[in-house]
Amino acid sequence: MKEEFADNLFRVVDVLSPTRLVLNCGAQQGVAPGDRFIVYAQGKMLTDPITNEELEPIILRRGTGRVLYVQNKICTIESAETISNPFMMGLYSHELPKIVPFDEPLRGDIAAYTRPPKRA
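Going along each chain's sequence as written, the residues are numbered from 1 onward. With pLDDT at 70 or above as the cut-off, local features in this predicted model cover only qualifying residues; side-chain atom pairs require 80 or more to be listed or tallied, and sums for whole chains, interfaces and linings still use all residues. Side-chain measures were taken over the full set of non-hydrogen atoms in the model, leaving aside hydrogen atoms and water.

Draft legend 1. Structural view of the pairing of strand S5 (residues 75–79). Residue burial is assigned from relative accessible area. The probe radius is 1.4 Å, only protein chains are included, and a residue is buried under 20% of its type maximum, exposed over 50%, and partly exposed in between. Note on conventions: DSSP H or I runs of at least 4 residues are helices, E runs of at least 2 residues are strands, and numbering of each starts at the N terminus. In terms of burial, S5 is a largely internal element, five of the five residues being buried. Any two strands with at least two DSSP-identified bridges between them are counted as paired. Where strand S2 (residues 20–23) lies against S5, four bridges are found, and the strand directions are antiparallel. Bridged to Leu21 within S5 is Ile77. Hairpin connection between strand S4 (residues 54–70) and S5: a loop of four residues separates the two successive antiparallel strands.

In structure tokens, the structure reads:
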């Protein structure tokens, strides 16, 4: 991540369910319902097989989430990724898109704003 976004990096503090996570940021950091985060883990450091130069750690994407609830120091996000059944998308279908779970999220994973907020 670029340095200018360093203030917008937070951590997963709890995994409530496969589709809901708690982050260590809230109203005190300017988080609001509807804000979006990308959740990822930093994997092992990769090295060039020829030169043995350290390249960078691999990023393991867990998913994206949308803020549902905000408290002073924490917020709850829900996976913002959905999938629909293309055969049930007709005019009379009442089937809602299904929420795609995060990909094996863990306490300590990194959460970053997909776009840093622009609030006064």
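Read on for the rest.
Draft legend 2. Structural detail: the environment of Leu60. Within the fold, Leu60 resides in strand S4. Each C-alpha atom of the pair Leu60 and Glu104 lies 10.0 Å from the other, and the pair is 44 residues apart in sequence.

Draft legend 3. Region of the structure containing the nonpolar core. Buried Ala, Val, Leu, Ile, Met, Phe, Trp, Tyr and Cys residues that are joined via side-chain atoms within 4.5 Å together make up what is termed a nonpolar core. Residues Leu23, Cys25, Val31, Phe37, Val39, Cys75 and Ile77 are the most contacted members of the largest nonpolar core, which totals 14 residues. Every element with two or more residues in this core is listed here: strand S1 (9–17), S2, strand S3 (36–47), S5 and strand S8 (110–113). The contacts of Cys25, once residues within four sequence positions are left out, are Phe10, Val31, Phe37, Lys73, Ile74 and Cys75. The contact rule is simple, with two residues in contact once any of their heavy atoms fall within 4.5 Å.

Draft legend 4. Looking closely at the packing of aromatic side chains. For Phe, Tyr and Trp, where Trp contributes only its six-membered ring, two rings pair if their centres lie within 6.5 Å, and the inter-plane angle classes them as stacked under 30 degrees, edge-to-face over 60, or tilted in between. Counted under the stated rule, the structure contains three aromatic pairs. Measuring from ring centre to ring centre gives 4.5 Å for Phe37 and Tyr113, while their planes differ by 25°; the resulting arrangement is stacked. Of this pair, Phe37 sits in strand S3 while Tyr113 sits in strand S8, placing them 76 residues apart in sequence. The two residues Phe37 and Tyr113 agree in class, both being buried. Here the aromatic cluster, defined as three or more aromatic residues joined through ring pairs, consists of Phe10, Phe37 and Tyr113.

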